[in-house]
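Secondary and tertiary structure notes
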Amino acid sequence: RKEVEQDPGPFNVPEGATVAFNCTYSNSASQSFFWYRQDCRKEPKLLMSVYSSGNEDGRFTAQLNRASQYISLLIRDSKLSDSATYLCVVRTYSSASKIIFGSGTRLSIRP
Amino acid sequence: DAGVIQSPRHEVTEMGQEVTLRCKPISGHDYLFWYRQTMMRGLELLIYFNNNVPIDDSGMPEDRFSAKMPNASFSTLKIQPSEPRDSAVYFCASSFPGRGLAEAFFGQGTRLTVV
């Protein structure tokens, strides 16, 4: 089983729609959580960190459920520029700290 | 800061040749990660270093792969001999000092093609 699992999509939604991505992680020792965005042929870049109480950044809302080991990302009023791959990321700290990426969910926004 | 710098950006080599990928992390970062990305397998963690020491290399696919970090500002990933199935984008990323749970910053990647 992969440490971080995501629905690969693709999600194809109209502009203005609300779309939600989900992610599950297997290591209960995971302590930090992030969503990254990756555009075609580019490197991944941080979209937002995910805090235990949930957090919002403009049209983006991230939620964490530690009991269920589940992370979500909600995009409201989607724009054409939101088309990208969204990567769920988990950082685990034991004796040292590694960062594991999900395989990503492709999102395509159509006009 | 210039960010994480990787070189070369593109590499095309023949099967059997040695390939060396280079990475300069952000100054002051104490974690360095090497990832490989393919369509089939997504972004895989190959190895990571903390304070120049390799911590976990369990993601390195075979003995043909090796990585070093001789100092805080430089790391290499070497494939010897290279094979066509090694074709992928290889990313290097680094992370803040003393904050073991901070996000990673990526270089632009090296696109490797082995023919």
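Anything mentioned here points back to the structure above.
About the thresholds
- Residues numbered from 1 in each chain as written.
- Chains lettered and ligands numbered in written order.
- Predicted model: local features only at pLDDT ≥ 70, side-chain atom pairs only at ≥ 80, totals over all residues.
- Heavy atoms only, no water.
- Pairing = 2+ DSSP bridges.
- Helix = DSSP H or I, 4+ residues; strand = E, 2+ residues; numbered from the N terminus.
- Axes fitted to C-alpha atoms, helices over the stretch in contact; angles between N-to-C directions.
- Buried < 20%, exposed > 50% of the residue type's maximum accessible area, 1.4 Å probe, protein only.
- Contact = heavy atoms within 4.5 Å.
- Phe/Tyr/Trp six-rings, centres within 6.5 Å; stacked < 30°, edge-to-face > 60°.
- Lys NZ or Arg CZ within 6 Å of the ring centre and 35° of its normal.

**Topic: the sheet that holds strand β8 (residues 70–75) of chain A**
Residues and elements named next belong to chain A. Reading across the sheet, the 5 strands line up as β1-β3-β8-β7-β6 and stay open at both edges, with antiparallel pairing between neighbours. Every interior strand has two partners, whereas the edge strands, β1 (4–6) and β6 (55–57), have only one. Each neighbouring strand pair of the sheet contributes to a mean axis angle of 20°, computed without reference to strand direction. Of the pairings in the sheet, the one linking strand β7 (residues 60–65) to β8 comprises 6 bridges and is antiparallel in character. Note on β8: the bridge partner recorded for Leu64 is Ile71.

**Details of unusual backbone geometry**
Of the consecutive residues Gly9 of chain A and Pro10 of chain A, the connecting peptide bond is found in the cis state with omega at 10°. In this chain, Ser7 of chain B is followed by Pro8 of chain B through a cis amide linkage whose omega measures -10°. Mapped onto the elements, Pro8 of chain B comes out in the loop between β1 (5–7) and β2 (10–13). Phi is positive for Arg41 of chain A, which is not a glycine, with a value near 65°. For Arg41 of chain A, the location among the structural elements is in the loop between β4 (30–38) and β5 (45–50). Although it is not a glycine, Gln69 of chain A sits at a positive phi angle of roughly 55°.

**Structural notes on the environment of Arg1 of chain A**
All names here are of chain A. Here Arg1 lies in the segment before β1. Exposure remark for Arg1: the relative accessible area of 75% places this residue in the exposed category. Put simply, Arg1 and Thr92 are 91 residues apart on the chain and 17 Å apart in space, counted from C-alpha to C-alpha. With near-sequence residues (within four places) excluded, Arg1 lies in contact with Thr24, Tyr25 and Ser26.

**Some thoughts on the packing of aromatic side chains**
Following the criterion strictly, the structure yields 16 aromatic pairs over all chains and no others. Ring centres of Phe33 of chain B and Tyr48 of chain B lie 5.5 Å apart, and the angle between their planes is 20°; this geometry places the pair in the stacked category. Residue Phe33 of chain B is found in strand β4 (residues 31–38), and its partner Tyr48 of chain B is found in strand β5 (residues 42–50); the two are separated by 15 residues along the sequence. A residue is classified by how much of its surface remains accessible, and Phe33 of chain B, at 0% relative accessible area, is buried. With 5.6 Å between their ring centres and 35° between their planes, Tyr35 of chain B and Phe106 of chain B make a pair best called tilted. Pair noted here: Tyr35 of chain B is in strand β4 and Phe106 of chain B is in strand β10 (residues 104–106), with a separation of 71 residues, a long-range link. Assigned by exposure class, Tyr35 of chain B and Phe106 of chain B land together as buried. Three or more aromatic residues link up through ring pairs in this structure, and these residues are Phe34, Tyr36 and Phe101 of chain A together with Tyr31, Phe33, Tyr35, Tyr48, Phe91 and Phe106 of chain B. When the ring centre of Tyr31 of chain B is taken as reference, the NZ or CZ atom of Arg91 of chain A above it lies at 4.8 Å.

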